[in-house]
Amino acid sequence: MAPDQDYELRRAVETALQLLSPGATVNSGKTRHMDHTYSAVVKAISALASSYNDQEPRVNRLPLEILVKIFAQLPTYELVTATHVCKYWRATAVAQVTLWNRIVTSSHAQLVCMLERSGTMLLDVTILGPNLMQDTLTACGVEDWRVGPGGASQGAGAYVLCSVLLAHMSRVRKLCVLSPMVLPAQGSAVYSALFSTPAPELVHFELQTFGPCTFGTESSLFDGCAPRLRYIAVCGPSLAIAALRHVHGLAHLEFTNTLMDLAEDEMSAIQHISDVTLHWDSMSRTSVSWYLVHTPAELIQATQRFLPPTHDLREIAFTESSIRVVHAKTGFVREIREMETEFLRPYAFHGGSVLVQLTVDEPTWRYVCGSHPPSLHEIIDLTVILVTLETWFPEYNPFLPGYPKAPSMPLLKRLTLQTSTQATIPFRFVSAALLATWLRSHFPSRPVLVLKDLVPRLDADDTYGDDALLEAVERLEYI
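Residues numbered from 1 in each chain as written. Predicted model: local features only at pLDDT ≥ 70, side-chain atom pairs only at ≥ 80, totals over all residues. Heavy atoms only, no water.

- The protein chain is annotated in an unreviewed UniProt entry as F-box domain-containing protein of Exidia glandulosa HHB12029.

Here you go:
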């Protein structure tokens, strides 16, 4: 026992003795039995303290299975922290290989450690490059990651971690790589090796680069050995359809290329995939040269080889930079992103399709209101993405009197109005009176009105605008 602890204990015992025998102290010699009493009390307290300290913490009295289940709910960085709490927790966690096969990291050392601890388990790996901001990580589905100072991920380059993972590709089940940039020499070589390494257990593969990308692949993906692969999303590097010739059973394909680089036979090779998204590589040499020497009609023809015939569409989502369509009979989805879509308006709205669901941004809605295409008479669900509602930009505000009249949609049951994430001037409020007047004039079917990130606001001289709005719709909902 430390001297200061012994002193405090003697003081406590003397206080207790004073209560029993006033005037007595431990060394007073008044009666010898006082010393015996002191010794007995010290031994009792010491024994009690030892017994208490030797007791197992209550959390460690949990059954092993329950503690492991708790550990399994922790994200990677918190699981690593748990192994430094006590010897018991560390021994328990390290011994469970099932805790270490779900890896989310940007650390080289951490990846090596978790690969070793995972034993022979199948791996679900997310590799994060440095300097990825939290909003980027969230948009990519990475919620359980602790970012460093400045709100960005820290660690080695993603290609460095991928080089470590190459030796374990035979047991990788899911691989997601998010990289802010690809270094021309080292990064390209590593990713090329990744593309050509057999992955017999791989089901889900994502590779997304943010920034300049100087590599791609035309050779058979994963050396033609990925029989379980069902999901591919490669955004940034150019992925040729030829690389998929040995991949069968895909349900989702997302890739970067241009329509001009896809031959007719390659289009037919992806017809069996239910969900295909093409990220338009506008900076590729082929894309730039095409715009210089070819007409929009030729680009429309190339697009129609990728998109299904318009008379078979049940759903269209059309903005200035993307188009997404759903086939009526099969439910197959085709989407093109990062491409100027103005030339595709005739395909989308004048091709004889009978749509039931339509999503458009404000510029496309203005076109629809000005042209009144006949394909919208069967619309049941309409979403309009608004850019601005300022009165000094009447050409962009659908609720002002000077805006073109909306086409007839007698069957409309649900109308959604939402703000654009790309609005130059953020806004949240919409005039209740203007909105009520617009609804009565254009949508007499009284649809359910859904306002997403929008709130109706009464004008200063309007007392009944809110009641008028409720009368113009079947129901008002907010998201």
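### Here we look at the overall build of the protein chain
- Helix and strand counts for the protein chain stand at 16 helices and 18 strands.
- Counting the 479 residues in the protein chain, one finds 45% classified as buried.
- Summed over its atoms, the accessible surface of the protein chain is roughly 24200 Å², and 56% of this surface lies on carbon and sulfur atoms. (Helix = DSSP H or I, 4+ residues; strand = E, 2+ residues; numbered from the N terminus. Buried < 20%, exposed > 50% of the residue type's maximum accessible area, 1.4 Å probe, protein only. Areas by Shrake-Rupley, 256 points an atom, 1.4 Å probe, with all protein chains shown as cover.)

### Some details on the pairing of strand β6 (residues 231-239)
- Inspection of the sheet shows strand β4 (residues 204-209) paired to β6 by five bridges, in the parallel sense. Bridging from a neighbouring strand, Glu-206 pairs with Ala-233 of β6.
- Relative to strand β7 (residues 252-257), β6 is paired through five bridges, and the arrangement is parallel. Directly across from Val-234, in β7, lies its bridge partner Phe-255. (Pairing = 2+ DSSP bridges.)

### Description of the confidence of the model for the protein chain
- Summary statistics for the protein chain give a mean pLDDT of 78 and a share of 72% for residues scoring 70 or more.
- When mean pLDDT is taken per element in the protein chain, strand β12 (residues 357-361) scores highest with 94 and helix α7 (residues 134-139) scores lowest with 57. (pLDDT = per-residue confidence, 0-100.)

### Thoughts on the packing of helix α6 (residues 108-117) against helix α8 (residues 158-165)
- The contact between α6 and α8 brings their axes to 10 Å, and the two run at 20°. With respect to α8, the element α6 is oriented roughly parallel. The crossing of α6 and α8 is right-handed. Contact residues: His-108, Leu-111, Val-112 and Leu-115 in α6; Val-160, Leu-161, Val-164 and Leu-165 in α8. (Axes fitted to C-alpha atoms, helices over the stretch in contact; angles between N-to-C directions. Parallel < 35°, antiparallel > 145°, perpendicular 65-115°, else oblique. Left-handed = near helix turned anticlockwise from the far one by under 90°. Contact = heavy atoms within 4.5 Å.)

### Points about unusual backbone geometry
- Positive phi values are uncommon outside glycine, yet Glu-338 reaches one of about 60°.
- Relative to the helices and strands, Glu-338 is located in the loop between β11 (333-337) and α13 (345-349).
- You will see that His-372, though not glycine, has its phi angle at about 50°, which is positive.
- Along the chain, His-372 falls in the loop between α14 (362-371) and β13 (381-386).

### Let's talk about the packing of helix α3 (residues 64-72) against helix α5 (residues 87-95)
- Two elements in contact, α3 and α5, have axes separated by 10 Å at closest approach and are oriented at 80°. In this view, α3 runs roughly perpendicular relative to α5, as classed from their interaxial angle. Here Leu-64, Leu-67, Val-68 and Phe-71 of α3 lie close against α5, whose contacting residues are Tyr-88, Trp-89, Thr-92 and Ala-93.
- Looking at the contact of α3 with α5 residue by residue, the classes come out as seven nonpolar, one polar and no charged. (Nonpolar A, V, L, I, M, F, W, Y, C, P; charged D, E, K, R; others polar.)

### Thoughts on the packing of aromatic side chains
- Within this structure, the stated rule accounts for seven aromatic pairs.
- Relative to Phe-205, the ring of Phe-195 lies with its centre 6.1 Å away and its plane at 75°, an arrangement referred to as edge-to-face. Highlighted residues: Phe-195 in helix α9 (residues 186-195) and Phe-205 in strand β4, separated in sequence by ten residues. Residue Phe-195 shares its accessibility class with Phe-205, and that shared class is buried.
- Plain terms: the ring middles of Phe-349 and Tyr-367 are 6.2 Å apart, the flat faces sit at 50° to each other, and that makes the pair tilted. One end of the pair, Phe-349, is in helix α13; the other, Tyr-367, is in helix α14, and 18 residues separate them in sequence.
- Feature note: the residues Phe-195, Phe-205 and Phe-222 constitute an aromatic cluster, connected by ring pairs.
- The ring of Trp-100 carries Arg-117 above its face, with NZ or CZ at 4.7 Å from the centroid. (Phe/Tyr/Trp six-rings, centres within 6.5 Å; stacked < 30°, edge-to-face > 60°. Lys NZ or Arg CZ within 6 Å of the ring centre and 35° of its normal.)

### Describing the pairing of β4
- With five of its six residues buried, β4 lies for the most part within the structure.
- By the bridge criterion, six bridges tie strand β3 (residues 172-179) to β4 in an arrangement that is parallel. Across the sheet, the residue bridging to Val-177 is Leu-207, located in β4.

### Observations regarding the environment of His-350
- Here His-350 shows up in the loop between α13 and β12.
- By relative accessible area, which is 40% here, His-350 ends up partly exposed.
- As for His-350 and Pro-374, which are separated by 24 residues in sequence, their C-alpha atoms are 7.3 Å apart.
- Residues in contact with His-350, not counting those within four places in the same chain, are Arg-345, Tyr-367, Ser-371, Pro-373 and Pro-374.

### Digging into α14
- Regarding α14, the residues found buried are Glu-362, Pro-363, Thr-364, Trp-365, Val-368 and Cys-369.
- As for α14, its buried residues are in contact with β9 (313-318), α13, β12, β13 and α15 (432-442).
- Phi turns positive, to about 50°, at His-372, one or two residues after α14.

### Comments concerning the pattern of salt bridges
- Applying the stated criterion across every chain yields a total of nine salt bridges.
- In this structure, Arg-337 engages Glu-335 in a salt bridge whose closest nitrogen and oxygen atoms are separated by 3.0 Å.
- The exposure class assigned to Arg-337 is partly exposed, which follows from its relative accessible area of 28%.
- On the accessibility criterion, Glu-335 (11% relative accessible area) is buried.
- The partner of Glu-477 in a salt bridge is Arg-414, with the nearest N and O atoms 3.8 Å apart. Of this pair, Glu-477 sits in strand β18 (residues 475-478) while Arg-414 sits in strand β14 (residues 414-419), placing them 63 residues apart in sequence.
- Given a relative accessible area of 24%, Glu-477 falls into the partly exposed group.
- Linked by salt bridges that have partners in common, Arg-414, Glu-474, Arg-475 and Glu-477 make up one network. (Salt bridge = Lys/Arg side-chain N within 4 Å of Asp/Glu carboxyl O.)

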